[in-house]
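Chain by chain, the residues run as shown.
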Amino acid sequence: MHVRSKLIRVLKFLGKALVGLLLVFIMLILLIHVPAVQKIITRKAAGFLSAKTQATVAIERIRFSLRGSLVIEGVNVQDAAHDEILAIGSMEASANIFNLLKGKYIIDQISMKDVRAQLIENEQGLNIQFILDAFQSPKKKETTSNAVNIEFKKVMFEHIAFSYSSTVSETSLDAKLGEFFGENIDFNSNPLMLKAATISLQHASVNVLSPEQAPGLITTDTIIRKTNFTPDFELGMGLEIAALEIGDTDFSFHRHEKVTSPKFDANHVDMAEINISTKNLLMGVDTLDVVVNALSVKMPGFEISDSKANLQMNKNGFELSGFQLASGTNTLQADLKGWYDREATDTKDPLKIEIDAQGRIKPVDLAYFFFDDQMDYVAHWDTTTLSLVGSYRYREGIIETLKLNTGNSQLDVAGTLGEILDIEKLRWNNLVIQASIGADFKRTIKPFLGDVQMPPKVNFQMNSSGTLKAITLDGNVNTSWGNAIMKGVVAPKGDNFNIDIDLTGENIDPGAWIDVPWLGNIDLKASAKGMVGKYQDATIEGFISTIGILDQPIHDITFQGNITNDSLHTDLTIEDPSYKSHIIAAFRLQSQ
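Calculation notes
Residues numbered from 1 in each chain as written. Predicted model: local features only at pLDDT ≥ 70, side-chain atom pairs only at ≥ 80, totals over all residues. Heavy atoms only, no water. Pairing = 2+ DSSP bridges. Helix = DSSP H or I, 4+ residues; strand = E, 2+ residues; numbered from the N terminus. Patch = residues over 30% accessible without salt bridge, like charges linked within 9 Å, V, L, I, M, F, W, Y side chains within 5 Å. Areas by Shrake-Rupley, 256 points an atom, 1.4 Å probe, with all protein chains shown as cover. Salt bridge = Lys/Arg side-chain N within 4 Å of Asp/Glu carboxyl O. 1 Å grid on protein atoms, 1.4 Å probe; cavity = no way out; pocket = protein on both sides within 12 Å on 5 of 7 lines; lining within 4 Å. Points joined across faces, edges and corners; volume = space filled by probe spheres on them. Nonpolar A, V, L, I, M, F, W, Y, C, P; charged D, E, K, R; others polar.

**A look at the pairing of strand β11 (residues 288-299)**
Next up, step 1: Inspection of the sheet shows strand β10 (residues 268-283) paired to β11 by 8 bridges, in the antiparallel sense. Bridging across to β11, A272 finds its partner in K298.
Next up, step 2: The antiparallel hairpin formed by β10 and β11 contains 4 residues in its connecting segment.
Next up, step 3: Pairing of β11 with strand β13 (residues 306-314), which is carried by 5 bridges, proceeds in the antiparallel orientation. Bridge pairing links V290 to L311 in β13.
Next up, step 4: As paired strands, β11 and strand β12 (residues 302-304) are joined by 3 bridges and run antiparallel to one another. Bridged to V297 within β12 is I304.
Next up, step 5: What sits between β11 and β12 in their antiparallel hairpin is a turn of 2 residues.

Next comes the structure, spelled out in structure tokens:
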């Protein structure tokens, strides 16, 4: 009985002690929720961080709850010179405390507002290096880091500003973020992976200023050969984003100085009001897959009002399907497939491409991408339709069909081109060209013809092989000033052409071509050598079966002569019984 009584007294004591401890615990919980206590904790936290980092750390307010909510307001961090490094208007986070105690990093909501951060690099290092050193362990431990997984159910950032400047690399970056919103974001550190149901970026801007470009030209060949066609662009990070929205965002990149270029310049890129909507973005080491529902952007001289496409890519190839682009009344549709040959040698290009594209463009709307002297040739064209079906492989392009129609002029091309990445080595083989030359094409080629006039109607078909230094021609020309079959070689030289051509003409009207009205129609076979174009100095010899002179027909003439910009010299023998003679003549031609 005595033992039982003692046991009861002990149990009562333990019960009272447990209740007392519980009351103390409840009091502590209530106490740390008291604003005055949290103010003390705020002051202590700011003091600890200032002492730890040797920086000036100010915190206006810290509020927290054991239910798992935390609010920090008015954070300001300054270095020893009292230059601001970081400022945070407010930061809020909430989580289930029991999940955190179990080691499950699930954040219900996190938000940040009014943040400014400044990172400066000089010869001595970063302006935050002293903070990094303060939290660095003095002993280096070789440990295998465990993977960290953090889930964010909702993320919201507003009014974030970040700047970086370096006197070492002479690079500066200014970034501003108006609004960022994300839902169901899952971050894993090993492997590095980010998954999200929704990410929205609104009212942002990124401005980059880089040093001057290194001397030496960057050719297209170099760009293609040096580009690493990897699905993750060697970021080493995977992405799975169900819906990605970017709205009203600006981006600029400048070398040496910030200037607005009137023409497109890779050293001065300005893009404003960027809007992008994508779904099912998947990016990894082996795969890139994304559906772009809409894309629009404004540049100083060009605007993409809408664009969409499906992109799939792996380490060995890519496919761009359903590509559509609109810029005002200009439209382009294309399907593009490519393969990347990683075993390509120096004598080969690593890319193989197939393309099927159609579009409607007004050339003057593309003036931003071309020099004015280039645009002069096509600026007068109205809306032009074009289509291209072809492929590229190992420096060789195959044009199955290339069609261009300006409304009054048409061009059809098919054939093979080689060395197309090097304009100096460009060559082509069995290139079949068919054209109907109307007012648009006439105005385009007029600068190359000098005083030579163009007839009202011109249709020609030509088979050509060669290079830009020597072009072989084999075809026929049908015009309202006569028809001709020609075969030979033409060598461009500036605004002129060196020619070596055999010509068969029927009903040729030389008076119309070179403005000599007293010469009538000619049927002839001739060979022409020399230079024509802006500067003319060519010799011609051959046989004329019929020619009209002052409205009189003359037959069977053997001739040779020379034509320049301002003169015509001829030596001819007439076998026509009515006009049998040998004539040497020189004429002064009227300059245009």
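**Topic: the pairing of strand β3 (residues 84-95)**
Put simply, side chains in a regular strand alternate between the two faces of the sheet.
Next up, step 1: By the bridge criterion, 9 bridges tie strand β2 (residues 69-78) to β3 in an arrangement that is antiparallel. Across the sheet, residue V77 finds its bridge partner in β3, namely L86.
Next up, step 2: The turn joining β2 and β3, which pair antiparallel and follow one another in sequence, is formed by 5 residues; a positive phi near 65 degrees is taken by H82.
Next up, step 3: Judged from the 9 bridges that link them, β3 and strand β4 (residues 105-122) form a sheet pairing that is antiparallel. Each residue of the ladder has a partner; that of E92, found in β4, is S111.

**Comments concerning a nonpolar patch on the surface**
Next up, step 1: A cluster of nonpolar residues, F264, F369 and F370, forms a patch on the protein surface that exposes about 280 Å² of accessible area.
Next up, step 2: Position of F369 relative to the elements: it lies in the loop between β16 (351-361) and α6 (372-375).

**A look at the layout of surface pockets**
Next up, step 1: Of the pockets and cavities examined, the second largest pocket occupies roughly 350 Å³.
Next up, step 2: Lining the second largest pocket are 14 residues, and of these F233, L288, V290, V292 and L311 lie nearest its centre.
Next up, step 3: Those elements giving two or more residues to the lining of the second largest pocket turn out to be β10, β11, β13 and β14 (317-327).
Next up, step 4: Across the lining of the second largest pocket, the residue classes break down as 13 nonpolar, 1 polar and no charged.

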